[in-house]
Amino acid sequence: MKTAIIVFPGSNRDRDMFDSIELITGTRPIGVWHTEATLPDADLIVVPGGFSYGDYLRSGAIAARSPILKDLVKKANAGVSVLGVCNGFQILTEAGLLPGVLMRNAGLNFVCKEVMLETVNEATRFSKTFTKGQVWRCPVAHHDGNYFADAETLKQVEGNGQVVFRYAQSTNPNGSLNDIAGVTNAQGNVLGMMPHPENLVEDLQGGTEGRLLFESLAASAA
Amino acid sequence: MKARVIVTLKNGVLDPQGKAIEGALGGLDFDGINQVRQGKVFDLELQATDKVAAEKEVAQMCEKLLANTVIENYAIEIE
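Here is a short report on the structure shown in this document. (Residues numbered from 1 in each chain as written. Chains lettered and ligands numbered in written order. Predicted model: local features only at pLDDT ≥ 70, side-chain atom pairs only at ≥ 80, totals over all residues. Heavy atoms only, no water.)

### A look at the sheet that holds strand β2 (residues 40–45) of chain B
All names here are of chain B. Spatial strand order, β2-β1-β3: three strands in an open sheet with antiparallel pairing. The open sheet has two edge strands with one neighbour each: β2 and β3 (72–78). This sheet shows a mean twist of 20° between the axes of neighbouring strands, independent of strand direction. Two elements, strand β1 (residues 2–9) and β3, share seven bridges in a ladder whose sense is antiparallel. (Pairing = 2+ DSSP bridges. Helix = DSSP H or I, 4+ residues; strand = E, 2+ residues; numbered from the N terminus. Axes fitted to C-alpha atoms, helices over the stretch in contact; angles between N-to-C directions.)

Take a look at the structure:
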């Protein structure tokens, strides 16, 4: 699987993403600086976590207007797999590639801890190696992860099966509506999620369930 | 020409920061507050000389960047 990772000023989970994807797929992703005009041909484009532009204006707002975003939107619309994690999720919602918005955590605190996730849709290219209803532990680290969408959008998102991961066992850390932790676009080729699967890929990290997401993508690309 | 943009959260959107400010004001013995909603103000200095054209351009700035219209409303004042 060929992967490209977009790097912004203030990205800080990009290296974890490079290492994890290389570990799982055997191929080192290509890094793309945000000022570039085009992305290389890839099976997967990742928008990593961090604090692009210091979260100025709104988290992800400035990064979502970077030059590279034009080509990202074009490739996403053409069906290329796009994964946004944490700040990447915020950037994809700000860019209009995903429904809804990530607001300040309901408790106002930055949360850095482990939560339980339930895979509620195992029929996506991001989740097909999970079992339906699989509950797994995953780290989160964010200040603006409170998923919000208006009632009509939420109805569509739920009705279309666009919710892939939900916070489970009362571990919703941020007040997200319907415990939404990860959501796709209507076409199902763009996923945004607040938890960090790239930080759960080796035994040293206390678990390897994060691998399942990248293995799903690799299987879809093959 | 100067423009002021005021961005506010739409009704029904939870505002945890506003809630915290409300609580802190209560702690300072300011009673009688029904609700606090936090927003943003942007002051822009424009080269434009035509008020109508300026307002139109600032509206586009709001739609494209200054506000996230999923959760925010904006108001424009030109002077």
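### Description of the interface of chain B and chain A
Of the residues lining the interface, 17 residues belong to chain B; the matching set on chain A comes to 14 residues. When chain B packs against chain A, the two sides together hide about 1,200 Å² of surface, and 67% of this comes from carbon and sulfur. It is B:Pro16, B:Leu65 and B:Asn68 that lose the most area in chain B upon contact with chain A, and together they represent 37% of the buried surface on that side. At the boundary of chain B and chain A, one finds one salt bridge. A salt bridge links A:Arg58 to B:Glu72, with the nearest nitrogen and oxygen atoms 3.8 Å apart. The tally of links between chain B and chain A comes to five residue pairs in polar contact (both at pLDDT 80 or more). Looking at side-chain class alone, the side of chain B that touches chain A contains eleven nonpolar, three polar and three charged residues. (Contact = heavy atoms within 4.5 Å. Buried area = accessible area lost by both parts, 1.4 Å probe. Salt bridge = Lys/Arg side-chain N within 4 Å of Asp/Glu carboxyl O. Polar contact = N/O pair within 3.5 Å; in protein donor to acceptor, adjacent residues only side chain to side chain. Nonpolar A, V, L, I, M, F, W, Y, C, P; charged D, E, K, R; others polar.)

### Focus on the nonpolar core
Counting 63 residues, the largest nonpolar core has A:Leu72, A:Leu83, A:Phe165 and A:Leu213 as its most contacted members. Counting residues in hydrophobic clusters, the runner-up holds twelve residues, among them B:Ala3, B:Phe42, B:Leu46 and B:Ile78. (Core = buried A, V, L, I, M, F, W, Y, C linked by side-chain atoms within 4.5 Å. Buried < 20%, exposed > 50% of the residue type's maximum accessible area, 1.4 Å probe, protein only.)

### Points about unusual backbone geometry
Even without a glycine there, the phi angle at A:Ser170 is positive, about 55°. Along the chain, A:Ser170 turns up in the loop between β9 (163–168) and β10 (180–184). Taking relative accessible area as the criterion, A:Ser170 reaches 82% and is therefore assigned exposed. A positive phi angle, near 70°, is found at B:Asp29, a position not held by glycine.

Interpretation note: all reported values are geometric properties and have no functional meaning in isolation.
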